[in-house]
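Okay, here's what each chain looks like letter by letter:
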Amino acid sequence: APGAITGGVIGAQVGQVTGSIKESTEYSAALGKQRRALRLVIGDMDEYADAQKFLKEVSQDLAIPQDVITRQFTSLTASVLGAGLSVEDAKQSFLAISSSIRGTGGNLEDMKAALRATSQVFSKGKVSAEELRQQLGERLPGAFTLFARSMDMTPAMLDKALEQGKVTLEDFMGFAELLFNKYGDNAELLAASPEAAGDRLRTSLEELNDDLGSLLKPIGMQFQTLADDIVKQFGRIIKEIRKMVDGIATERKLIDA
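Rules of the game
Residues numbered from 1 in each chain as written. Predicted model: local features only at pLDDT ≥ 70, side-chain atom pairs only at ≥ 80, totals over all residues. Heavy atoms only, no water. Helix = DSSP H or I, 4+ residues; strand = E, 2+ residues; numbered from the N terminus. Buried < 20%, exposed > 50% of the residue type's maximum accessible area, 1.4 Å probe, protein only. Contact = heavy atoms within 4.5 Å. Areas by Shrake-Rupley, 256 points an atom, 1.4 Å probe, with all protein chains shown as cover. Patch = residues over 30% accessible without salt bridge, like charges linked within 9 Å, V, L, I, M, F, W, Y side chains within 5 Å. Salt bridge = Lys/Arg side-chain N within 4 Å of Asp/Glu carboxyl O. Lys, Arg positive; Asp, Glu negative; His and termini not counted. Charge placed at Lys NZ, Arg CZ, Asp CG, Glu CD. Axes fitted to C-alpha atoms, helices over the stretch in contact; angles between N-to-C directions. Parallel < 35°, antiparallel > 145°, perpendicular 65-115°, else oblique. Left-handed = near helix turned anticlockwise from the far one by under 90°. Nonpolar A, V, L, I, M, F, W, Y, C, P; charged D, E, K, R; others polar. Phe/Tyr/Trp six-rings, centres within 6.5 Å; stacked < 30°, edge-to-face > 60°. Lys NZ or Arg CZ within 6 Å of the ring centre and 35° of its normal.

Student: Help me get a handle on the overall build of the chain, residues and values and all.
Tutor: Check the secondary structure of the chain and you find 10 helices and 0 strands. Secondary structure of the chain in N-to-C order comes out as α-α-α-α-α-α-α-α-α-α. Relative to its 257 residues, the chain shows a buried fraction of 38%. For the chain, restricting intrachain contacts to residue pairs at least 6 apart in sequence, the fraction spanning at least 24 positions comes to 69%. Of the roughly 14,500 Å² of accessible surface on the chain, 56% is carried by carbon and sulfur atoms.

Student: Talk me through the environment of G125; I want residue IDs and the actual numbers.
Tutor: As for its position among the elements, G125 is in the loop between α5 (108-124) and α6 (129-135). Of the residues examined, G125 reaches a relative accessible area of 39% and is grouped as partly exposed. Remark: the alpha-carbon pair of G125 and G84, spanning 41 residues in sequence, is separated by 9.2 Å.

Student: Please provide a residue-by-residue account of a negative patch on the surface, values included.
Tutor: On the surface, D44, D46, E47 and D50 cluster together to form a negatively charged patch. Position of E47 relative to the elements: it lies in helix α2 (residues 45-62).

Student: How would you sum up the pattern of salt bridges? Please name residues and give values.
Tutor: When the charged atoms of two side chains lie near each other, side chains of opposite charge can form a pair. Counting across every chain of the model gives 6 salt bridges. Across the pair D110 and R139 runs a salt bridge, and its minimum N-O distance is 2.7 Å. Linking D110 in helix α5 with R139 in the loop between α6 and α7 (143-150), this pair joins segments that are 29 residues apart in sequence. On the accessibility criterion, D110 (18% relative accessible area) is buried. For R133, the salt bridge is made with D159, and the minimal N-O distance between the two is 2.7 Å. A residue pair is termed long-range when its members are at least 10 positions apart, and R133 in helix α6 and D159 in helix α8 (residues 155-163) qualify at 26 residues. For R133, a relative accessible area of 43% puts it in the partly exposed group. For D159, a relative accessible area of 25% corresponds to the partly exposed category. Among the charged side chains, a network of salt bridges with common partners joins K124, E130 and E131.

Student: Kindly report on the packing of helix α3 (residues 66-82) against α5, identifying the contributing residues and their values.
Tutor: It is at 8 Å that the axes of α3 and α5 come closest, and there the two elements cross at 15 degrees. Accordingly, the angle class assigned to the pair α3 and α5 is roughly parallel. Seen along the crossing, α3 lies across α5 with a hand that is left-handed. Across the interface between the two elements, V68, Q72, S75, L76, S79 and V80 from α3 touch K112, L115, R116, T118, S119, F122 and S123 from α5. By residue class, the composition of the contact of α3 with α5 is 5 nonpolar, 6 polar and 2 charged.

Student: Quick rundown of a nonpolar patch on the surface? Include the residues and the values.
Tutor: The grouping of I237, I241 and M244 at the surface amounts to a nonpolar patch, some 290 Å² of accessible area in total. Examined against the element boundaries, M244 turns out to sit in helix α10 (residues 197-256). Residue M244 is classed as exposed on the basis of its relative accessible area of 52%.

Student: Tell me about the packing of aromatic side chains, and name the residues and values.
Tutor: Applying the stated criterion across every chain yields a total of 7 aromatic pairs. Their ring planes at 70 degrees and their centres at 5.7 Å tell us that F172 and F175 sit as a pair that is edge-to-face. Of the two residues, F172 and F175 are both situated in helix α9 (residues 169-191); the distance of 3 residues between them amounts to about one turn of the helix. The residues F172 and F175 share a single accessibility class, namely buried. Looking at R39, its charged tip hangs above the ring of Y48, at a distance of 5.9 Å from the centre.

Note that every value here comes from positions in space, so none of it alone points to a role or purpose.
Quick look at the structure:
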């Protein structure tokens, strides 16, 4: 019984270590897949490297975890490039929307929803009332009025232009510029506020997980194999001790008889 308890404790401790390694390596591997997808979307290695620097800076400045920011930026970049625009346009749009959501007190779910709506705008090749009033407007207060201002229009004039399908992606880029000018500074301040502490912690922990996963990945399998061998060897020792204990007990019974 004592041997079994000791073996269980050792097994649990080894399990905790291997579990931590597995968690870090799995997170890093999943993030690696997202980064490969972004690299394929961009195509050019220099532009991809610049995009990685951009994402790292935005992640730290706006407290956006790496898995969230990479996935959303990949989707947006695919839509932007598909519409015939550039990676720089994707960066500008991404930064504008992310900053405006953070700058108006929005959370990560608001940010993801707004970025999905932005991706849809570029996928369609034009701005529609659905994205502007509903999907984007619900996450970004005053989006419709700000869009009208960016086009030197009244809201009523913008309504008519949307109905006629005359609001272009170029107009959206003008809207993005206005958003960043309006909310860029506030976004970083709010990202550093107590209300965003949870997002900052998640961002830091996931960055640590990525770094640890990258470091441990080459040795993770070897460590798990070694740990498995140690547990098996310990199990064999316990079995031999048990046999010895059972043998002694049997001899005592024969003597007593």
